[in-house]
Amino acid sequence: SGGITIYILLSCSILSLAIIIERYMYYRRRSKIKRVSFMLGISKELEKENIKKALEICKNTDTPFSSVVYSGLNLHGHNEMLISNTMEREVTIETVKLEKYTSIVGTIGSTAVYIGLFGTVLGIIRAFHDISVSGSGGISVVISGISESLACTAMGLCVAVPAVIAYNYFTKSIDNFITDMELCASQTMDLLAVKQK
């Protein structure tokens, strides 16, 4: 009953839902290992001066911060500035991976309501057009346009609300991942500094 606007909103809903499921699974998979326990294992291996084992732990751990620590440990013995810059670049690379597709969900969340309002306006225009064609303003003439208006508004809200909630969840998750990566990078620098002494 909502016309073309409903199909646009339905497409947005399907796309948004697919991204939400994909990102949720991606974040969940990459947050199974906790930063504290991971860094405890790394520090124990570095105390034993077993860099290879520490690098192996990083390779076998599927988290953003493990990639950051790996990039730092891989350059042990080099200049501190080089190690720090390499880990900073790795933080940026991992952040880009974490942010993949999230802007689409944010865009859908912020525009779906307006698309619904656009459908509402079209429905009202159609109702007035039907009145002008029929030459009378009976309730039966107006009812289809009002129905279309309400359907578009409701659909727009149904698409926008979950998308905005998901986008806020993604933003918070990414912030948490970035914090973990930065803390791991800082701790790795300290561990390597102690090892070199």
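Everything below is about the structure printed above this text.
Only a predicted model underlies this, so the values are computations on that prediction, with no experimental measurement involved.

The subject of this paragraph is the packing of aromatic side chains. Enumeration according to the criterion identifies six aromatic pairs in this entry. Ring plane angle 75 degrees and centroid distance 5.7 Å describe the contact between Tyr27 and Phe170, whose orientation is recorded as edge-to-face. Of this pair, Tyr27 sits in helix α1 (residues 4–29) while Phe170 sits in helix α7 (residues 139–196), and the two are 143 residues apart along the sequence. Judged by its relative accessible area of 1%, Phe170 is buried. Ring centres 5.3 Å apart and planes at 55 degrees place the aromatic pair Phe38 and Phe65 in the tilted group. You can see Phe38 sitting in helix α2 (residues 35–47) and its partner Phe65 sitting in helix α4 (residues 64–73), a full 27 residues away along the chain. Exposure class is identical for Phe38 and Phe65. Each is buried. Among the aromatic residues, those joined into a ring-pair cluster are Tyr24, Tyr26, Tyr27, Tyr169, Phe170 and Phe177.

Here the focus is the state of the cysteines. The tally for this structure, following the rule as stated, stands at zero disulfides. Here Cys152 is not cross-linked by a disulfide; its sulfur's nearest cysteine counterpart is in Cys158, at 12 Å. Taking the relative accessible area as the measure of exposure, Cys152 reaches 0% and is therefore buried. With no disulfide of its own, Cys184 lies 9.0 Å from the sulfur of Cys58, the closest cysteine sulfur. A relative accessible area of 0% means that Cys184 is categorised as buried.

Formed by 41 residues in total, the largest nonpolar core has its most connected members in Ile42, Val69 and Leu73. Looking at this core, the elements with two or more residues in it are α1, α2, α3 (51–59), α4, α5 (80–99), α6 (102–134) and α7. Looking at this core element by element, the count peaks at 14 residues for α7. Residues contacting Leu73, with those up to four places away along its chain left out, are Ile42, Leu46, Ile51, Ala54, Leu55, Cys58, Thr188 and Leu192.

Our next topic: α1. Between its terminal C-alpha atoms α1 stretches 38 Å, which fits the 38 Å expected from 26 residues at 1.5 Å a residue. All of the buried residues in α1 are Thr5, Leu9, Cys12, Ser16, Ile19, Ile20, Arg23, Tyr26 and Tyr27.

Calculation rules
- Residues numbered from 1 in each chain as written.
- Predicted model: local features only at pLDDT ≥ 70, side-chain atom pairs only at ≥ 80, totals over all residues.
- Heavy atoms only, no water.
- Phe/Tyr/Trp six-rings, centres within 6.5 Å; stacked < 30°, edge-to-face > 60°.
- Helix = DSSP H or I, 4+ residues; strand = E, 2+ residues; numbered from the N terminus.
- Buried < 20%, exposed > 50% of the residue type's maximum accessible area, 1.4 Å probe, protein only.
- Disulfide = S-S within 2.5 Å.
- Core = buried A, V, L, I, M, F, W, Y, C linked by side-chain atoms within 4.5 Å.
- Contact = heavy atoms within 4.5 Å.
- Expected span 1.5 Å × (residues − 1).

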